[in-house]
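Coordinates in review
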Amino acid sequence: MRFILSQAALAAAITLLAAAGEPPSFAPLSPEKDKPAWQPLYQGIDYRLDELSKPRVLRIHTARIDTRAKGLTFFATPDNGDAPGEVNGRRTATFLKEFDLELAINGTGFAPITAPGKPVDVLGLSVSDGKLVSEADLESGNPVFLITVHNEARILRTPFKKEDLAPAHTAMQGWYGANGMLLDDGETITSTRDIHPRTAAGVSQDGRYVYLLVVDGRQPGLSEGMNLIELASWMKGLGCWDAINLDGGGSTTMVMKDPAGKPRILNSIPGGVQRSVANHLGVHADPLPAEP
């Protein structure tokens, strides 16, 4: 006896297979080389916005940071002293303005989600200006993004030891456990396929360039989001050798200082309201040379 499946039944069967651990594959995503063109924002900071219609509607914001640029430094959220919690929650735009930075993104996971100014704990390593804010979670499998006092950028994949973190001047731990390591020596490591807004950081093979990226998501018709396999592929196409996932979803935010010195949110935040988060990664850079 022959059984012929209808299209609806076939679709249902594929869904069941996906639920049983056989999710559909995703094609690699890669940006076109220097298209759209990189726009210089500050000395050592370039920005580009990619807008895609396939495999779904996507808006991808990327900042390329030249660690060798004169006057360029990185900064993460400091602790709150003797107050409860490790830090006071801040919106990313507030962080940028408070510490007079030129660019900032949200950082890693935290708890609880609460209003700005309330005490919050960072979930994993956070180092600000050479001072430990939050201890590394060595059991989580989450990788670490690290900048030394000499502006040397690197990403540590687990397992690592506490002594491996000794050079950290600015550092934060990634998100999503072992799947939070997107690229390791140019190879895709992650296998996570759920689609969300994303925040990520990557480093070029020679360590010169840091790539900070946010993907808009949960906004049908504007941008739906990425899975981590696609994110890894995209980061590699940008020029990353190593890359990690940071806290995404409603936390995903990229902010720059505009010519008037005010925070300008570059991405479109789900729900339209910035979330107060625990830590952030900021960049200080000198203005572009005046045009003759």
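What counts as what
- Residues numbered from 1 in each chain as written.
- Predicted model: local features only at pLDDT ≥ 70, side-chain atom pairs only at ≥ 80, totals over all residues.
- Heavy atoms only, no water.
- Phe/Tyr/Trp six-rings, centres within 6.5 Å; stacked < 30°, edge-to-face > 60°.
- Helix = DSSP H or I, 4+ residues; strand = E, 2+ residues; numbered from the N terminus.
- Buried < 20%, exposed > 50% of the residue type's maximum accessible area, 1.4 Å probe, protein only.
- Salt bridge = Lys/Arg side-chain N within 4 Å of Asp/Glu carboxyl O.
- Contact = heavy atoms within 4.5 Å.
- Pairing = 2+ DSSP bridges.
- Axes fitted to C-alpha atoms, helices over the stretch in contact; angles between N-to-C directions.
- Core = buried A, V, L, I, M, F, W, Y, C linked by side-chain atoms within 4.5 Å.
- pLDDT = per-residue confidence, 0-100.

Turning to the packing of aromatic side chains, a few remarks are in order. Under the criterion given, the structure shown has four aromatic pairs. Between the aromatic rings of F75 and F95, the centroid separation amounts to 6.1 Å while the plane-to-plane angle is 10°, which identifies the pairing as stacked. Here F95 lies in helix 2 (residues 92-98) and F75 lies in strand 4 (residues 73-76), a separation of 20 residues in the sequence. One exposure class covers both F75 and F95, and it is buried. With a centroid separation of 5.1 Å and 50° between ring planes, the pair formed by F75 and F99 is classed as tilted. One end of the pair, F75, is in strand 4; the other, F99, is in the loop between helix 2 and strand 6 (103-106), and 24 residues separate them in sequence.

Let us now look at the pattern of salt bridges. Applying the stated criterion across every chain yields a total of 14 salt bridges. Across the pair D79 and K131 runs a salt bridge whose closest N-O atoms are separated by 3.1 Å. Here D79 is found in the loop between strand 4 and strand 5 (87-88), whereas its partner K131 is found in strand 10 (residues 131-134), with 52 residues between them in sequence. A relative accessible area of 47% means that K131 is categorised as partly exposed. Among the ionic pairs, R157 bridges to D184, the shortest N-O distance being 2.9 Å. Highlighted residues: R157 in the loop between strand 12 (153-156) and strand 13 (170-173) and D184 in strand 14 (residues 181-184), separated in sequence by 27 residues. Given a relative accessible area of 40%, R157 falls into the partly exposed group. Taken together, the shared-partner salt bridges in this structure form one network comprising E51, R59 and D216.

With respect to the helices, strands and loops of the structure, V57 is situated in the loop between strand 2 (45-52) and strand 3 (58-66). Sequence spacing of V57 and E224 is 167 residues, and the spatial spacing of their C-alpha atoms is 6.0 Å. Contact partners of V57, with chain neighbours within four places excluded, come to L52, G221, L222, S223, E224 and G225.

Across the sheet, five strands lie side by side as 10-9-13-11-12; this open sheet has antiparallel pairing. A single partner strand is all that each edge strand has here, and the edge strands are strand 10 and strand 12. Each strand axis lies, on average, 20° off the axis of its neighbour in the sheet, ignoring direction. Taken together, the three bridges between strand 9 (residues 126-128) and strand 10 define a ladder with antiparallel strand orientation. Following the sheet pairing, V127 is matched in strand 10 by L132.

In this section: the nonpolar core. Among the nonpolar cores identified, the biggest contains 31 residues, and I45, I65, L103, F145, V210, L212 and M254 are the most heavily contacted of them. Here the element with the most residues in this core is strand 17 (residues 209-215); it accounts for three residues. If we skip the residues at most four places from it in the chain, V210 touches A63, R64, I65, T67, F74, F145, I147, A153, G202 and V203. Formed by 20 residues, the second largest nonpolar core is a distinct cluster that contains W38, L58, L183 and A243.

Residues of the chain with pLDDT of at least 70 account for 91%, and the chain-wide mean is 92. Confidence drops under a pLDDT of 50 for residues 1-24, and excluding neighbours within four residues, the segment shows six contacts in the predicted structure.

Mapped onto the elements of the fold, I195 is located in the loop between strand 15 (187-188) and strand 16 (198-203). For I195, a relative accessible area of 31% translates into the label partly exposed. C-alpha of I195 to C-alpha of E224: the two residues are 29 residues apart in sequence and 7.5 Å apart in space. Here I195 is in contact with R56, E224, G225, M226 and N227, once residues within four sequence places are set aside.

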